[in-house]
Amino acid sequence: MSSSPGPLGRRNFLRTTGIAAFAILGTGALAACTSAVNEQKSAGGDNATPVRGGTLKVGVPTDLVPANILTNTGTVPVVVGLVYETLVRYPNDKLEPGPSLAKSWTLAPDGLSLVLELRDDVKFHSGRPFTAKDVEFSLRTYADPKWSAQLKSTAAAITEYDITAPHRIVLKFPHPVGNIFDLLDTAPILDSETIDQLTTGDKFIGTGPFELVKRTPNTQLVFEKNTRYWVPERPYLDRVEVSIIPDSQALVNSLKSGQIAFASGLNYRDNENFAKSDGFTTVSYDGAELQIYVGVNVAEPALADVKVRQAIAYAIDRERIIAEVFRNAGYPVNLPWPKSSPAFDATRNTSLSRDIAKAEQVLSQTTKPPKLTLSYETSLPYYEATAQIVQANLAEVGIEVTLDPIEPATFVKRLIGGDFPGLWVTTHSWAQFTPSTLTVSAYPFNARKNASHYESPAYLAAADAAWKVIQGTGPEAIKAYQNVSDRLLEGLFLIEIGVHHNQVATSRKVHGVSWTKRRETVLTDAFLA
C-alpha cells in the first residue's frame, strides 16, 4: 500500500478494527488503507473542486496565551490544529486510533508496553527531521506540571522510553493505561530546539500544514503554507490570517461584511441565523462535544453539604438552557458523558431532572446558604446567558446568587488553581474520549486534585480502576464507568447541564474545513471556491 494518507490528506482516517485489534497487531490499521473514504467529517461537502492558493481570514474572540498551549483553551485549538500534529488521530465518531505521525503500533496483550512505528518522511518547520527523540521529548514535556496539560497524569504513567531506532519508540507502563491512545491523539509533537521560544510566545515550530509566521498579541496571528509538509500537494491554502475580535457583534459584522470568511465563538442564535442566510453556512463539530456545567467549590462552607448541591442540581432548568442558549444544538444531561460514550447510561442520566419541589424539600433538610458567587468567563456569550438562567433557577428555591464575570486568562488560571469562591459556569471537554480520561485528567474532574477541592476515597478508587482496564471501551470498562458515574452523582461537586457541539459560521466559499475530537480546526484540505 502507499505511504500517502490519500487524496483527502492526513486528517481523513482509516477505518480500523478497534483498539482490541491493535493489541494483537497494530499494523491492522494500515491494512485498511485502501478503504479510507471520508472518515473524518468536514464542512463544504458539496463536491466543490479544490482550488489552490488564497488567504482564509478567520475571526476568533480570544487571543492565544502561549503558556496554555497544552491546555486546549481559548485560541489554542486553532493554533494546534494548524501548526502541530499528533502520533495518532481518532475519527470524530469512534475511539479507534488511526495513523498520523505514527504509521502503526502494537499494544502488548498485558497492556504494559506499546511499540510505535513512526513516519520517516516528516520534517519540522525548521527543516529538521522528525524522529523518536521528538516523541520522547514531547511526551515528557506534556507530563511536566509547569505546562498544566490535562492528560499529564497519563503521560506521567509512561515509565520507560526506548528510542534505540530513530523511527520506532517503545513506551512502557507500570500498569495498563486504558486511555493511552487518548494521550497519543492529544499531545502535540513539539520542537525541542525552540521550546524556550514557545514558552515566551516567540516561536511555534511543529510538523503541521501551516507555519505561524507572525503574532501580534491581542490583534492577529498569521500562518503560511508549510512547503515541507509530508502530505503531497497539501495544504491548498497559501495563508490563514486569524484576527482577534473580542466583541461578539463585531465578529458577526465582520463575517457579514466579508472582512472574514470564518467566525468562531459566536453565540448559537447568530450561528442559527447564518445557517438560514444566503451565502453563509454553520458547521457543527460533531464528535467534539462540549458539556456546559456548574462547578462547585465544596471547600466553601455554604456548599460543603451535599444536600445544598442536590438542591442546586434539581433547580436547574437544563431543557431551557439547551433550547434558548444553545438553540437545541445539544441535549440535557445529569452526567458528563455524551450519547456516543461507552459510559453513557440513560437511566442514571435522568436522576436529577428539574424538580422545584424536590429541590425545596432537600434544601429544607440543611442550612440554606447565604448569597453565593457564580463566576463565568466573558469570552463567549453563552456563558453569561447560561449563568443568568442558573441565577433565576436558584432564586426560585430561595438561593441568592451574584454573577461574577471574569476575563478569559484569569478564568483559566482560577480553574486550574481551584480558585473560585463559590459556583462557576463553563464548559468541559474530554468526555467524548475514553471515559477514564475525564476522571484522571480534566481539571474539574481529576480525582486526585480538582477545581472543586472535592476529595473522596471511593471516587478515587473508581477512577483508578476504570483507568487501568486495558480495553477502554470493552465490557469490563463499561462496568467500571458505571461505578464512576455513581460516585459523581453521589458527590455532585460538578452539576452537569447539557451536551452541546462547538459551531463555526463560514462564508459558503469556504470548503473542506475539518476538526479533531478536541475541536481543533483543521484546514489541511480547506480551500476557497
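Please refer to the structure higher up on the page.
Report on the accompanying structure. (Residues numbered from 1 in each chain as written. Predicted model: local features only at pLDDT ≥ 70, side-chain atom pairs only at ≥ 80, totals over all residues. Heavy atoms only, no water.)

### So, the packing of helix α10 (residues 306-315) against helix α12 (residues 356-363)
The criterion, for reference: Only the stretch in contact is used when fitting a helix axis, every axis being a line fitted to C-alpha atoms; angles between N-to-C directions are given from 0 to 180 degrees. Here a strand is any run of E in DSSP of at least two residues, a helix any run of H or I of at least four, and the numbering for each starts at the N terminus. The labels follow the angle: roughly parallel below 35 degrees, roughly antiparallel above 145, roughly perpendicular from 65 to 115, and oblique for the rest. Handedness of each helix crossing follows the sense of rotation of the near helix against the far helix: counterclockwise by less than a right angle gives left-handed, clockwise gives right-handed. What makes two residues a contact is simply this: any of their non-hydrogen atoms within 4.5 Å. Just so you know the grouping, Ala, Val, Leu, Ile, Met, Phe, Trp, Tyr, Cys and Pro go in nonpolar, Asp, Glu, Lys and Arg go in charged, and all remaining residues, Gly too, go in polar.
Viewed as axis vectors pointing N to C, α10 and α12 meet at an angle of 170°, and their least axial separation amounts to 8 Å. Relative to α12, the element α10 lies roughly antiparallel. Considering only the axes of α10 and α12, their crossing is left-handed. Between α10 and α12, the residues in contact are Lys307, Val308, Gln310, Ala311, Tyr314 and Ala315 and Ile356, Lys358, Ala359, Val362 and Leu363, respectively. Considering only residue class, the contact of α10 with α12 consists of eight nonpolar, one polar and two charged.

### Digging into the nonpolar core
In a soluble, globular protein the nonpolar side chains are often hidden away together inside. What counts, and what does not: Side-chain atoms within 4.5 Å are what join buried Ala, Val, Leu, Ile, Met, Phe, Trp, Tyr and Cys residues into a set we call a nonpolar core. Throughout, exposure labels follow a simple rule: accessible area from a 1.4 Å probe, protein chains only, divided by the maximum for the residue type, with under 20% read as buried, over 50% as exposed, and the rest as partly exposed.
In terms of nonpolar packing, the biggest core is built from 153 residues, with Leu87, Leu114, Leu116, Leu171 and Phe223 touching the most fellow members. Per-element tally for this core: the top contributor is strand β12 (residues 280-296), with eight residues. Not counting chain neighbours up to four residues away, the residues in contact with Leu114 comprise Trp105, Thr106, Leu107, Ile169, Val170, Leu171, Phe173, Ile180, Phe181 and Leu184. Formed by ten residues, the second largest nonpolar core is a distinct cluster that contains Ile245, Leu251, Ala263 and Phe274.

### Some points on unusual backbone geometry
At the junction of Arg234 and Pro235, the peptide bond is cis and its omega measures out at -5° in the coordinates. Within the secondary structure, Pro235 is located in the loop between β9 (220-225) and β10 (239-244). Of note, the phi angle at Arg327 is positive, near 50°, even though the residue is not glycine. Tracing the chain through its elements places Arg327 in the loop between α11 (318-325) and β13 (330-332). For Trp430, which is not a glycine, the phi torsion comes out positive at approximately 75°. Classification of Trp430 as buried rests on a relative accessible area of 3%.

### Quick look at empty space enclosed by the protein
Quick reminder of the rule: Both cavities and pockets are sets of points on a 1 Å grid over the protein atoms alone; in a cavity a 1.4 Å probe fits but cannot get out, in a pocket the set is open with protein on both sides within 12 Å along at least five of seven lines, and lining residues sit with an atom within 4 Å of a point. Grid points are joined across faces, edges and corners, and a volume is the space filled by probe spheres set on the points.
A full pass over the atoms with the stated rule returns five cavities of 30 Å³ or more. Volume-wise, the largest cavity comes out at about 640 Å³. For the largest cavity, the lining is made up of 40 residues, of which Asn72, Thr73, Gly74, Tyr383 and Arg519 are closest to its centre. Its residues assigned to classes, the lining of the largest cavity shows 20 nonpolar, 18 polar and two charged. When its volume is computed, the second largest cavity comes out at roughly 90 Å³. In terms of lining residues, the second largest cavity is bounded by Ile69, Leu70, Thr71, Asn72, Val76, Val80, Tyr142, Thr186, Pro188, Trp430, Arg518 and Glu520. Class assignment for the residues of the lining of the second largest cavity results in seven nonpolar, three polar and two charged.

### Details of the environment of Ser113
Note on placement: Ser113 falls in strand β5 (residues 113-118). Spatially, the C-alpha atom of Ser113 lies 8.4 Å from that of Pro176, the residues being 63 residues apart in sequence. When sequence neighbours within four positions are dropped, the list of residues in contact with Ser113 reads Thr106, Leu107, Ala108, Leu171, Lys172 and Phe173.

### Structural notes on the pattern of salt bridges
Counted only if it meets this: Within this document, salt bridges are pairs made up of a side-chain nitrogen of Lys or Arg and a carboxyl oxygen of Asp or Glu, the two lying within 4 Å of each other.
Enumeration according to the criterion identifies 25 salt bridges in this entry. A salt bridge links Arg52 to Glu233; its shortest N-O distance comes to 3.2 Å. Of the two residues, Arg52 sits in the loop between α2 (28-31) and β1 (55-60) while Glu233 sits in the loop between β9 and β10, which places them 181 residues apart along the sequence. Given the relative accessible area of 46%, Arg52 is considered partly exposed. By relative accessible area, Glu233 is classed as exposed at 58%. Residue Asp185 is joined to Arg89 by a salt bridge in which the shortest nitrogen-to-oxygen separation is 3.4 Å. One end of the pair, Asp185, is in helix α6 (residues 180-186); the other, Arg89, is in strand β2 (residues 88-89), with 96 residues separating them in the sequence. For the pair Asp185 and Arg89, a shared accessibility class is recorded, and that class is buried. Among the charged side chains, a network of salt bridges with common partners joins Arg89, Asp185, Arg518 and Glu520.

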